[in-house]
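# Structural features, examined
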Amino acid sequence: MKLLVVTCLKECVGDISKIFKEANINVFSTSEIIGQKQGKGTNFLEDWFASGDEKVESMMIFTFTPSANAKKGMELIKIYNETHDEKFPVRTFIMPVEKFL
């Protein structure tokens, strides 16, 4: 079991939903977030959102899913990023789930 987390612009949620369907991920949750960045940094985590003091209306999408589905979802998001707007790429990460009830 994995936790797949995706952040993207609100406009991309429909595309991510299609990607999830293709990755056999049929249940997921969404949450509105505001991405902010103050100043410039060299750390990847500091570059998660746009540069400058702007605020970006974004979404966080997450799902608990089998490892194969999470891996397929990440592969499809990589392809999506290669063919879409580079200024605000879709970000994603996978975390292991050690225990659950």
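Located above this text is the structure these notes cover.
Residues numbered from 1 in each chain as written. Predicted model: local features only at pLDDT ≥ 70, side-chain atom pairs only at ≥ 80, totals over all residues. Heavy atoms only, no water.

### Quick look at the pattern of salt bridges
Rules: By definition here, a salt bridge exists when the distance from a side-chain nitrogen of Lys or Arg to a carboxyl oxygen of Asp or Glu is within 4 Å. In this text, helices come from DSSP runs of H or I with a minimum length of four residues, and strands from runs of E with a minimum of two, each type numbered from the N-terminal end. Only protein chains enter the accessibility calculation, which uses a 1.4 Å probe; a residue whose area is less than 20% of its type maximum is buried, one above 50% is exposed, and one in between is partly exposed.
For the coordinates displayed, the defined rule picks out three salt bridges. For glutamate 32, the salt bridge goes to lysine 10, with nearest N and O atoms at 3.3 Å. In this pair, glutamate 32 sits in strand β2 (residues 29–36) while lysine 10 sits in the loop between β1 (2–9) and α1 (13–22), placing the two residues 22 residues apart along the sequence. With a closest N to O distance of 3.5 Å, glutamate 82 and lysine 78 form a salt bridge. Of this pair, glutamate 82 and lysine 78 both sit in helix α2 (residues 67–83), four residues apart, which is roughly one turn of the helix. On the basis of relative accessible area, glutamate 82 is assigned to the exposed category, the value being 55%. Residue classification places lysine 78 among the exposed positions, given a relative accessible area of 55%. What you see here is one network of salt bridges that share partners, running through Lys10, Glu32 and Glu57.

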